[in-house]
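# Architecture at a glance
Residue strings, one per chain:
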Amino acid sequence: MNVTATTRVLTLLGDPISHSASPEVQNAAFQAAGVDGIYVAVRCASDDLVGFMKGLARAGGGGNVTLPHKEKAASLLDVRSEAVRRTGACNTFWGDEEGRLHGDNTDVDGFRRALRAFIGGNARGMRVLLLGAGGAARAALLGLLEEGSDEVLIFNRTQDRARAVARRIGGDRTRVVPVLRELERESFDLVVNATRLGLDTNDPSPLDLKILQRAGAAMDLIYGRHVTPFVRSAEAAGVRSTDGREMLVQQGAASFERWWGREAPIDAMRAAVGVVGT
Ligand code: NAP
């Protein structure tokens, strides 16, 4: 990589950021595509977010935003994508020649593309159980509805948060399940883990998939160097599963396309996180 005075600086802004694989994924992509950019992770306090985002974008750069700043980032934008408007979260930003700050939430596109790669098509007609009600769950819910799911049931530890997500994004194809016991006689084509359970190797699975009448497939949004507890639970229940690495690659590819206006070198990005191409 040849860093010069014209190199564009793209950053990951969040706190903590040390666990993120985005620098490996994006720098591999920049190199494979031969674009003049460098991607670095910067631990950033909430009060510093506005300065970083506006300064970087005006300097021709941009970046990603991660926990806990995605909602604040959405409020700072001059131009919001449909995904930002509907989820209230921004994970990708860049500037334009008039100095305006643009943002998108590529977790939505990333989830949709990873889902298609996993199930081999869209989610038309599917009945889905979504675990969680944070930022990742909001992106997954919008993605599931846009991919044509028939019905999405949401279960979250904090029920009020699930209700708020269902109200904001869900419409009449979404229902909140108040207690896990209610799921015992239910069948789903797909179960998605969008909680943060599994980030630590010792976390329990957010759900024992054996309690369900049937689960067709299980998709974890968590990724790491370990087999995630949700994927382990799926394997124990004989359910086909995947972890969050393909979504990481796909949301990164969508971000790359926003910054560079060209297709992302997806195979190089997959190789950087050890995902076998589909
Ligand atoms: P978030 O907004 O903080 O939401 C966390 C979610 O996890 C909430 O639903 C929360 O429930 C639940 N949770 C936390 N601790 C729990 C526990 N002990 N028991 C049960 N539920 C618990 O975080 P987020 O932005 O949605 O991110 C969630 C995970 O998705 C992160 O680990 C992140 O790495 C992953 N993610 C992956 C990708 C990817 O590209 N693969 C993209 C985005 C996010 P409460 O509402 O009850 O607190």
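Described below are features of the structure shown in this document. (Residues numbered from 1 in each chain as written. Predicted model: local features only at pLDDT ≥ 70, side-chain atom pairs only at ≥ 80, totals over all residues. Heavy atoms only, no water.)

## A short note on the packing of helix α1 (residues 22-33) against helix α9 (residues 245-260)
How we decide: As a rule, the C-alpha atoms of each element are fitted with a line to give its axis, helices using only the stretch in contact, and angles between N-to-C directions run from 0 to 180 degrees. In DSSP terms, a helix is any run of H or I states spanning at least four residues, a strand is any run of E spanning at least two, and both are numbered starting from the N terminus. Should an angle fall under 35 degrees it is called roughly parallel, over 145 degrees roughly antiparallel, and 65 to 115 degrees roughly perpendicular, with every other angle called oblique. Throughout, a crossing is termed right-handed when the near helix is turned clockwise from the far one, and left-handed when it is turned anticlockwise from it by less than a right angle. Residues are treated as being in contact if the distance between any of their heavy atoms lies within 4.5 Å. The classification used treats Ala, Val, Leu, Ile, Met, Phe, Trp, Tyr, Cys and Pro as nonpolar, Asp, Glu, Lys and Arg as charged, and all other residues, Gly among them, as polar.
Close contact between α1 and α9 brings their axes to 10 Å; oriented N to C, the two are set at 50 degrees. The angle between the axes of α1 and α9 places the two elements in the oblique class. For the crossing formed where α1 meets α9, the hand is right-handed. Side by side, α1 and α9 meet where Ser22, Val25, Gln26, Ala29, Phe30 and Ala33 of the first sit next to Leu248, Gln251, Gly252, Ser255, Phe256, Trp259 and Trp260 of the second. Split into classes, the residues belonging to the contact of α1 with α9 amount to 8 nonpolar, 5 polar and no charged.

## Quick look at the sheet that holds strand β11 (residues 190-193)
Operational definition: Here a strand pair is declared whenever DSSP counts at least two bridges between the two strands.
Taken in spatial order, the 6 strands make up an open sheet running β9-β8-β7-β11-β13-β14, and their pairing is parallel. Edge positions in the sheet fall to β9 (174-176) and β14 (240-242), since each has one partner strand and no second. The mean inter-strand angle of the sheet, taken between neighbouring strand axes irrespective of direction, is 20 degrees. As paired strands, strand β13 (residues 217-220) and β14 are joined by 3 bridges and run parallel to one another. Paired with Met219 across the bridge in β14 is Thr242. Running over the sheet, helix α5 (residues 106-119) touches β11, β13 and β14 and is turned about 145 degrees from β13. Sitting on the sheet, helix α8 (residues 229-236) is in contact with β7 (127-131), β11, β13 and β14, with an inclination near 170 degrees to β13.

## Quick look at the side chain of Asn64
Heads up, the rule is: Contacts described as polar in this section are N or O atom pairs within 3.5 Å, which, within protein, must combine one atom able to donate a hydrogen with one able to accept it, while residues neighboring in sequence count only if both atoms come from side chains.
Topologically, Asn64 is positioned in strand β3 (residues 62-65). At 3.3 Å, the side chain of Asn64 forms a polar contact with the side chain of Thr92. Excluding anything up to four places from it in sequence, Asn64 contacts Thr11, Leu12, Leu13, Gln26, Tyr39, Asn91, Thr92, Phe93, Ser255 and Trp259.

## What about the pattern of salt bridges?
Cut-off, in case you're wondering: We define a salt bridge as a side-chain nitrogen of Lys or Arg found within 4 Å of a carboxyl oxygen belonging to Asp or Glu. Exposure categories follow from relative accessible area, calculated using a 1.4 Å probe and restricted to protein chains: below 20% of the type maximum is buried, above 50% is exposed, and the middle band is partly exposed.
One pass over the structure, following the stated rule, counts 20 salt bridges. A salt bridge links Glu147 to Arg116, with the nearest nitrogen and oxygen atoms 2.8 Å apart. Here the residue Glu147 occupies a position in the loop between α6 (135-146) and β8 (151-155), and Arg116 occupies one in helix α5, the gap between them amounting to 31 residues. Judged by relative accessible area, which is 42%, Arg116 ranks as partly exposed. Between Arg175 and Glu151 there is a salt bridge whose closest N-O contact spans 3.9 Å. Here Arg175, found in strand β9, pairs with Glu151, found in strand β8; they are 24 residues apart in sequence, far enough to count as distant.

## Here we look at the site of the ligand
Which entries qualify depends on this criterion: What makes a residue near a molecule or strand is one non-hydrogen atom of that residue sitting within 4 Å of it. Under the convention used here, a 1.4 Å probe and the Shrake-Rupley method define accessible areas, while residue burial counts only the protein chains that appear. The pocket and cavity definitions rest on a 1 Å grid over protein atoms only: a 1.4 Å probe that fits but cannot leave marks a cavity, an open set with protein on both sides within 12 Å along at least five of seven lines marks a pocket, and residues lining either have an atom within 4 Å of a point. In this scheme, a molecule is assigned to a cavity or pocket if more than half of its atoms are within 2 Å of the grid points. By convention here, the domain bounds are inherited from an automatic or database domain assignment.
For the ligand, the set of nearby residues contains 24 residues, the closest of which are Ala136, Asn156, Arg157, Thr158 and Arg161. Within the contact set of the ligand, an oxygen atom lies 3.0 Å away from a backbone nitrogen or oxygen of Arg196. Starting from 920 Å² of accessible surface for the ligand in isolation, the protein chains cover 82%. Counting atoms within 2 Å of the grid points, the majority share of the ligand lands in the largest pocket. The set of elements that each furnish at least two residues to the shell around the ligand consists of α6 and α9. The element best represented in the shell around the ligand is α9, accounting for 3 residues. The residue makeup of the shell around the ligand, split by class, is 11 nonpolar, 8 polar and 5 charged. Here the shell around the ligand spans two domains, since at least three of its residues come from each of domain 1 (8-104 + 246-272) and domain 2 (108-243).

## Regarding the layout of surface pockets
Condition: Grid points are joined across faces, edges and corners, and a volume is the space filled by probe spheres set on the points.
Counted as a void, the largest pocket has a volume near 1,200 Å³. Around the largest pocket, the lining is made up of 41 residues, and of these Leu67, Ala136, Ala194, Thr195 and Arg196 lie nearest the centre. Residues of the lining of the largest pocket, tallied by class, amount to 19 nonpolar, 15 polar and 7 charged. There is about 340 Å³ of room inside the second largest pocket. Residue lining of the second largest pocket: 14 residues in total, with His19, Ala21, Tyr223, Gly224 and Arg225 positioned closest to the centre. Taken together, the residues of the lining of the second largest pocket sort by class into 5 nonpolar, 5 polar and 4 charged. Mapped onto the domain boundaries, the lining of the second largest pocket takes at least three residues apiece from domain 1 (8-104 + 246-272) and domain 2 (108-243).

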